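# Structural description and commentary
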Amino acid sequence: MDAWHWLSHDQTLRGGAPAPPDDVPLVHHGPLVLRGAGFHASVGILDAMKYAPGPVVCRVDVGEERLGGPDKLVARVRTIRWRIDATAVLERFLRRCAEDVAHLWPMPGPVRRFLASGADRDAAVRALAECASVGPGRAARAAAAQALTPVDAGSACSVAGSVACLARWAAWDDAGDEADSELLARQSARLAAWVTEAAGR
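An account of the accompanying structure is given in this report. (Residues numbered from 1 in each chain as written. Predicted model: local features only at pLDDT ≥ 70, side-chain atom pairs only at ≥ 80, totals over all residues. Heavy atoms only, no water.)

## Observations concerning the overall build of the protein
- Counting its secondary structure elements, the protein contains seven helices and seven strands.
- Along the protein, helices (α) and strands (β) appear in the sequence β-β-β-α-β-β-β-β-α-α-α-α-α-α when read from the amino end.
- A buried classification covers 47% of the 201 residues belonging to the protein.
- Excluding contacts between residues fewer than 6 apart, the proportion of contacts in the protein whose partners are at least 24 apart in sequence is 71%.
- With the model as given, the accessible surface of the protein reaches about 9,600 Å², and the carbon-plus-sulfur share is 54%. (Helix = DSSP H or I, 4+ residues; strand = E, 2+ residues; numbered from the N terminus. Buried < 20%, exposed > 50% of the residue type's maximum accessible area, 1.4 Å probe, protein only. Contact = heavy atoms within 4.5 Å. Areas by Shrake-Rupley, 256 points an atom, 1.4 Å probe, with all protein chains shown as cover.)

## Quick word on the sheet that holds strand β2 (residues 26-27)
- Taken together, four strands build an open sheet; the order of strands is β1-β4-β7-β2 and the sheet is antiparallel. Among the strands making up the open sheet, the edge pair consists of β1 (2-7) and β2.
- In the sheet, β1 pairs with strand β4 (residues 56-62) via six bridges, with the strands oriented antiparallel. In the strand pairing of β4, Trp-6 is matched with Val-57.
- Packing against the sheet, helix α7 (residues 181-198) makes contact with β1, β4 and β7 (77-85), and its axis sits at approximately 75° to β7. (Pairing = 2+ DSSP bridges. Axes fitted to C-alpha atoms, helices over the stretch in contact; angles between N-to-C directions.)

## Focus: the pairing of β7
- Sheet topology places β2 next to β7; two bridges connect them, and they run antiparallel. Looking at the pairing, Val-27 lines up with Val-77 of β7.
- Note: β4 against β7, seven bridges, orientation antiparallel. For Arg-59, the partnering residue across the bridge sits in β7 and is Trp-82.

## Some thoughts on the packing of helix α2 (residues 87-100) against helix α5 (residues 138-147)
- At a minimum axis separation of 8 Å, α2 and α5 run at an interaxial angle of 160°. By the angle between their axes, α2 is roughly antiparallel relative to α5. The way α2 lies across α5 gives a crossing that is left-handed. Between α2 and α5, the contacting residues are Leu-94, Arg-95 and Ala-98 on the first element and Ala-143, Ala-144, Gln-146 and Ala-147 on the second.
- For the contact of α2 with α5, the per-class residue count stands at five nonpolar, one polar and one charged. (Parallel < 35°, antiparallel > 145°, perpendicular 65-115°, else oblique. Left-handed = near helix turned anticlockwise from the far one by under 90°. Nonpolar A, V, L, I, M, F, W, Y, C, P; charged D, E, K, R; others polar.)

## Brief notes about the side chain of His-28
- Of note, His-28 is situated in the loop between β2 and β3 (39-41).
- Here the side chain of His-28 touches Gly-30 through a polar contact of 3.3 Å, landing on its backbone oxygen.
- At 3.0 Å, the side chain of His-28 forms a polar contact with the backbone oxygen of Pro-31.
- Setting aside anything within four residues of it in sequence, one finds His-28 in contact with Ala-37, Gly-38, Phe-39 and Arg-76. (Polar contact = N/O pair within 3.5 Å; in protein donor to acceptor, adjacent residues only side chain to side chain.)

Structure, rendered in structure tokens:
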């Protein structure tokens with residue numbers, strides 16, 4: 001089964017060992033324990049992003065012997081089919097997530113231009129700082145603020161927090177009660193398509 005898994009910028013596994021080359025399987029020989037023992041992955045790329053230690057995204061194949069959870073699975077065998085450093089894709093994705101909900105608040109022109117092109121971040125940061133932090137569109141405003149923060153290729157917090165969480169902030173209503181599941185699904189499909197395209201697949 002195809003799934004997604006993310007690696008640190010230096011492409012090491014959780015225990016510190018280097019990830020194997022593509023098409024070389026990892027095999028777990030003990031009992032499988034979800035969030036415990038075995039090799040983990042997620043069917044959805046945004047679900048996998050929540051556990052990302054860095055910006056290297058892997059398309060993996062997981063064997064038939066596996067246990068499933070709500071947002072991740074654990075398998076006896078996991079094989080990387082291809083991988084890329086997705087830092088540039090993640091920066092673009094952050095901006096697009098914020099654009100998805102731009103209509104929910106009075107976005108300043110410099111912020112809108114940055115989200116569209118990635119140009120003149122400093123002007124966009126200044127414009128956002130001058131905006132009131134209250135009023136309608138609080139979640140959308142937070143999404144724009146996060147999109148203005150550069151993705152740090154070496155930081156698990158930056159990558160997982162900025163991307164996985166932003167996709168959800170942008171989809172939540174202002175009351176913070178309910179996420180737009182359709183928007184989340186579109187965002188997940190978009191990120192999967194963009195990293196696949198960037199990998200030349």
